[in-house]
Amino acid sequence: MSTQFRLPRPAVASHLKKSRGVIAAALMAALILVPTASSGEYTDPSGDSGTAGDITSVTVAGDKASGQLLFRITGTNIASSETTPLILDIDSDANPLTGDITFNGMDYEFDVDNTSYGFFHWNGSDWVATPDLSVQVSGGTTQILISVNRSELGNTSTFNFFSIAFNAADRAFDLAPDKGAFNYSFDTNGPQILSVDVKKTPAAGPKAGKRFVIVPTGLKLPPDGQVTVPTILPTSYSCTAKLGTKKLATGTRVCSIAIPKKKSKGKKLTVLLTVNYQGATKIVPLTFKVK
């Protein structure tokens, strides 16, 4: 992501202290609509913010039918004053080469302080205030809730985003994540996992009477603006396996398959590899011929 940093735009007149009860009630309704058990879960290290607020986690829940999104940003001393705001930037097309390309391709931004919020859109040359009919914002210095409908985010289905806790006095800030951006898809209620790289042992494929091991070595997500793409490993993984129609044991929380010695050669081994990352799950079908 670009190292350039700009001051947040002046907040609009949407005062949280005066309307907190109404907003909180609306957000509670959103929480019922979008269960938190079905959400993208993103973390950021604590203690890396200097004099700025410290973001430690973000969860995103979306209801595909209604298009409503709920961001829950947690940490310490976030959005604590007008000079220490919390910022949420959204790249609505998950393309860092469109939108504000000096700021990782972001298209929309929320600026939240202790009394008000602003909602802005990149118009191609500048950041301007944008309609916020579906927007609800509430919270305090340990948690900020932002609810918005995707109809006011360019009808996005998959997007990148990051959050910033900022201290204007000395320009200290905490980025979440530290590099690049998080990704969210309505289809997965978490990041969009495009593909999964795997390592096979033995590399030539399964052999009769031997154990066959499959390990995911990298996940591919939509581009987030990083020049050097880091290796992304799943949070956890597992698999199921069948030799023809016979189910085989695969081990616990791993993918280690015992291939029978007898009557296995030439048969098709079907493996369903399940990877989990930041609340999203992807099932990858793999087929092999036993040698």
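Just so it is clear, the structure is predicted and the values come from calculations on it, not from any experiment.

## Description of unusual backbone geometry
So, step 1. For the bond from Ala176 to Pro177, the omega torsion is 5 degrees, close enough to zero to count as cis.
So, step 2. Counting through the fold element by element, Pro177 comes out in the loop between strand 11 (172-176) and strand 12 (182-185).
So, step 3. For the peptide bond that leads from Thr201 to Pro202, omega is 0 degrees, which places it in the cis range.
So, step 4. Relative to the elements of secondary structure, Pro202 occurs in the loop between strand 13 (195-201) and strand 14 (211-220).
So, step 5. Unusually for a residue other than glycine, Ala79 sits at a positive phi of about 50 degrees.
So, step 6. As for its position among the elements, Ala79 is in the loop between strand 3 (68-76) and strand 4 (86-91).
So, step 7. If you check the backbone angles, Asn104 has positive phi at about 65 degrees while not being a glycine.

## A look at the state of the cysteines
So, step 1. Counting across every chain of the model gives 1 disulfide.
So, step 2. Put simply, Cys239 and Cys255 are joined by a disulfide, and their sulfur atoms are 2.2 Å apart. A torsion of 90 degrees about the S-S bond marks the disulfide between Cys239 and Cys255 as right-handed. In this pair, Cys239 is assigned in strand 15 (residues 236-243) and Cys255 in the loop between strand 16 (246-248) and strand 17 (256-258), connecting sequence segments 16 residues apart.

Rules used throughout
- Chains are numbered independently. Their residues run from 1 in the order of the written sequence.
- Note on the predicted model: pLDDT of at least 70 is required for a residue's local features to be given, and 80 or more for side-chain atom pairs to be given and counted; whole-chain, interface and lining totals, by contrast, use all residues.
- To obtain the side-chain values, all non-hydrogen atoms of the structure were included, while hydrogens and water were left out.
- A run of DSSP states H or I qualifies as a helix once it reaches four residues; a run of E qualifies as a strand once it reaches two. Both are numbered from the N-terminal end.
- Any pair of cysteine sulfurs within 2.5 Å is marked as a disulfide.

Note that all results are geometric; they support no functional claim without further evidence.
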